[in-house]
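Spelled out from the first residue to the last, the chains are:
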Amino acid sequence: MENNEKGTPTEFGLKILQKLYPKIAPTAAQIQPHQTLLEEEKFSQKEIEDIVKKIPNGKAPGYDGIDNIIVKVIFNSFPSLLLYFFNKCLELKCFPDPLKIGLVILFHKMGKEEQNIKSYRPISLLPTLGKLLEKLLLQRRNFQLKTKNSNIHCSTDLEKGIQLITHSCMLHLS
């Protein structure tokens, strides 16, 4: 596409979809405008408690060294601390960058050549607080998708693109 394209993210997304999938891409008239929530409902103590109870002990921590046992102790001793932190992330609509940093560890596969890259299995160790925030957001997103499937709220351009593609696929299937 030309570099001088103008318009909204939705219009730009539609142009990309129409270029890539000319037979099934929706037109601007077929896309219903979405509503955005002005403010997401704050996380409750119960939501966080449900997630913290389910995290397993004995898992390796991320680069920050905070493992699941420590998070459980913090939550049991100072439950409002995690509640405040996660709600501040929600209020600011921010997933802090340090919580996205993974520590990649390579495990050598038994009986494989050490010089071959395919002889190693990588795993990524993410910070526990990041995993908890992700689970809270996914739990909330799954709830919204199940209860409001025709009126999905998009908070990022990526989600808007996913909604456009989903809408396009649904039009093609129907």
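Now for a description of the structure that goes with this document. (Residues numbered from 1 in each chain as written. Predicted model: local features only at pLDDT ≥ 70, side-chain atom pairs only at ≥ 80, totals over all residues. Heavy atoms only, no water.)

### Thoughts on helix 2 (residues 45-54)
What counts is decided by this rule: Each residue is placed in one exposure class: buried if its accessible area under a 1.4 Å probe, protein chains only, is under 20% of its type's maximum, exposed if it is over 50%, and partly exposed if it falls in between. Here a strand is any run of E in DSSP of at least two residues, a helix any run of H or I of at least four, and the numbering for each starts at the N terminus. Starting at the helix axis, one direction is taken to each C-beta atom, and the arc is that of these directions.
For helix 2, every residue scored as buried is listed here: Glu-47, Ile-48, Ile-51 and Val-52. Buried residues along helix 2 cover an arc of 125 degrees about the axis, so they all sit on one side. Facing away from the buried surface of helix 2 by more than 90 degrees, the exposed residues are Lys-53 and Lys-54.

### With respect to helix 4 (residues 79-92)
Spelled out, the test is: By this rule, a helix spans an expected 1.5 Å times one less than how many residues it contains.
Taking 1.5 Å of rise per residue, the 14 residues of helix 4 would be expected to cover 20 Å, and the 20 Å separating its terminal C-alpha atoms lies within 8% of that figure. Along helix 4, the positions that sit buried rather than exposed are Leu-82, Leu-83, Phe-86, Asn-87, Cys-89 and Leu-90. Projected down its long axis, helix 4 carries its buried residues within an arc of 150 degrees, all on one side. What points out from helix 4, more than 90 degrees from its buried face, is the exposed set Ser-80, Tyr-84 and Leu-92. Downstream of helix 4 by one or two residues, Lys-93 has phi in the positive range, about 55 degrees.

### Re unusual backbone geometry
Positive phi, close to 55 degrees, is recorded for Lys-93, a residue that is not glycine. Within the secondary structure layout, Lys-93 lies in the loop between helix 4 and strand 1 (103-108).

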